[in-house]
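Summary of the model geometry
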Amino acid sequence: MGGDDHTLEFYTREAEQYAEFAGAQAPSDIMNTFAERLPAGAEVLDFGCGSGWAANSFREMGFNASGFDGSEGLAEQARTRFGIEVTVGRFEDFSAKRAYDGIWASFCLLHDSRAALPGHLARLSAALRPGGAFYLGLIAGEGDERDGFGRLYTYFSEPELREALADAGFVVSEVRTTEGKRYDGSPVDELHIFAGKP
């Protein structure tokens with residue numbers, strides 16, 4: 001988790017309930033598209049892994065998947081439910097270098113400020129090997145707000161994300177939009193961005 005303490009406190013406090021909500025999900029078209037961009041046996045990081053269900057799906061696809069998350073409670077859920085190896089730390093403390101063939105960052109960076117995004121993307125870019133694949137899931141919109149649980153949500157437009165990703169050394173290859181729902185049931189417009197590291 002990034003710099004927002006209220007959001008981190010929610011996920012730590014509600015770890016078990018949130019893990020039940022997330023469950024063990026089948027791979028989506030988005031996940032399969034990301035997986036198709038990975039080499040066999042790839043090292044994959046589920047950044048902001050939460051309960052670990054996505055990392056588990058990638059592992060079942062034959063990849064070496066691990067997680068990184070700011071909540072010790074959620075990390076423990078990932079370990080207990082799926083046996084996922086999870087490093088616990090703040091997003092701003094992530095410091096891996098050329099360690100992964102693919103990084104999956106699904107709806108996690110929206111829980112920090114807009115000003116923090118460039119630094120997070122730079123760190124993720126540094127952690128990805130040349131030719132690596134990157135997936136970024138965020139919510140489309142403007143500004144930021146807190147939901148009914150006190151979690152910070154920062155919204156982004158596609159053009160600003162393309163610019164931020166380019167600045168961090170990524171090349172965007174595809175952007176998809178879908179309709180989704182947050183944990184509190186409210187509808188959102190989701191942005192799914194596929195990028196690579198030259």
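I will try to describe carefully the structure that is included in this document. Values in this document were obtained by computation on a predicted structure and should not be read as measured data.

Along its length, the protein carries seven helices and nine strands. Taken over C-alpha atoms, the radius of gyration comes to 15 Å for the protein, in line with the 16 Å a tight globule of 198 residues would show. Along the first, second and third principal axes, the C-alpha set of the protein runs to 40 × 35 × 30 Å. Buried positions account for 53% of the 198 residues belonging to the protein. As presented, the protein carries roughly 8600 Å² of accessible surface, and 47% of it is formed by carbon and sulfur atoms. With 18 positive and 32 negative side-chain charges, the protein shows a separation of 4 Å between the mean positions of the two kinds.

What follows concerns the pattern of salt bridges. A complete count under the given rule lists ten salt bridges for this structure. A salt bridge links Arg162 to Glu158, with the nearest nitrogen and oxygen atoms 2.9 Å apart. Of this pair, Arg162 and Glu158 both sit in helix 7 (residues 158–167), separated by four residues, roughly a single helical turn. In this structure, Arg176 engages Glu174 in a salt bridge whose closest nitrogen and oxygen atoms are separated by 2.6 Å.

Mapped onto the secondary structure, Gly169 falls in the loop between helix 7 and strand 8 (171–181). The class for Gly169 is partly exposed, based on a relative accessible area of 31%. Between the C-alpha atom of Gly169 and that of Leu124, which follows or precedes it by 45 residues, the distance is 10.0 Å. Here Gly169 is in contact with Ser125, Gly196, Lys197 and Pro198, once residues within four sequence places are set aside.

Definitions and cut-offs
Residues numbered from 1 in each chain as written. Predicted model: local features only at pLDDT ≥ 70, side-chain atom pairs only at ≥ 80, totals over all residues. Heavy atoms only, no water. Helix = DSSP H or I, 4+ residues; strand = E, 2+ residues; numbered from the N terminus. Rg over C-alpha atoms; globule rule 2.2 N^0.38 Å. Buried < 20%, exposed > 50% of the residue type's maximum accessible area, 1.4 Å probe, protein only. Areas by Shrake-Rupley, 256 points an atom, 1.4 Å probe, with all protein chains shown as cover. Lys, Arg positive; Asp, Glu negative; His and termini not counted. Charge placed at Lys NZ, Arg CZ, Asp CG, Glu CD. Salt bridge = Lys/Arg side-chain N within 4 Å of Asp/Glu carboxyl O. Contact = heavy atoms within 4.5 Å.

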